[in-house]
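The primary structure of each chain is shown beneath.
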Amino acid sequence: MQTKPQIDYDEDVLVLEETIEMRDLIVYNDDVNTFEHVTRTLIDVCGHEPEQAEQCTLLIHYKGQCTVKHGGFDELAGMCTAIHDRGISADVL
């Protein structure tokens, strides 16, 4: 009968973690843009589903602002610029 030796491996693994400070993309209400325009912008720019975009648009209208996206600054800055390009007020905070 032949047996195989049992070998234990002990490995040290170095895990690199990058921490990303999470930010909010906030869209503000105004008296210029229509519900349809804001809703379409949230769908096109932020990737919202139509229902989510409509809910955010209602919050923007009635509360004055709404956090429409969470993420890293680099990701949200491009979205914020695209929202500005469509004439809608927004900030990354």
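Residues numbered from 1 in each chain as written. Predicted model: local features only at pLDDT ≥ 70, side-chain atom pairs only at ≥ 80, totals over all residues. Heavy atoms only, no water.

Looking at an unreviewed UniProt entry, one finds the protein chain named ATP-dependent Clp protease adaptor ClpS, with Hymenobacter fastidiosus as its source organism.

1. Some thoughts on the UniProt feature "domain: Adaptor protein ClpS core" (unreviewed entry) in the protein chain
With numbering aligned to this structure, UniProt lists the feature "domain: Adaptor protein ClpS core" (unreviewed entry) at residues 24–85. With 63% helix and 19% strand, the stretch residues 24–85 has end C-alpha atoms that lie 19 Å from each other. (UniProt positions renumbered as here; feature names shortened; annotations may be inferred. Helix = DSSP H or I, 4+ residues; strand = E, 2+ residues; numbered from the N terminus.)

2. Some points on the sheet that holds strand β2 (residues 65–71)
One open sheet holds the three strands; their spatial order is β2-β1-β3, and the pairing between them is antiparallel. Only two strands of the sheet have a single neighbouring strand rather than two, namely β2 and β3 (90–92). Mean inter-strand twist for the sheet, computed between neighbouring axes without regard to direction, equals 20°. Bridging between strand β1 (residues 23–28) and β3 involves three bridges; their strand directions are antiparallel. Within β3, the residue paired with I26 across the bridge is D91. (Pairing = 2+ DSSP bridges. Axes fitted to C-alpha atoms, helices over the stretch in contact; angles between N-to-C directions.)

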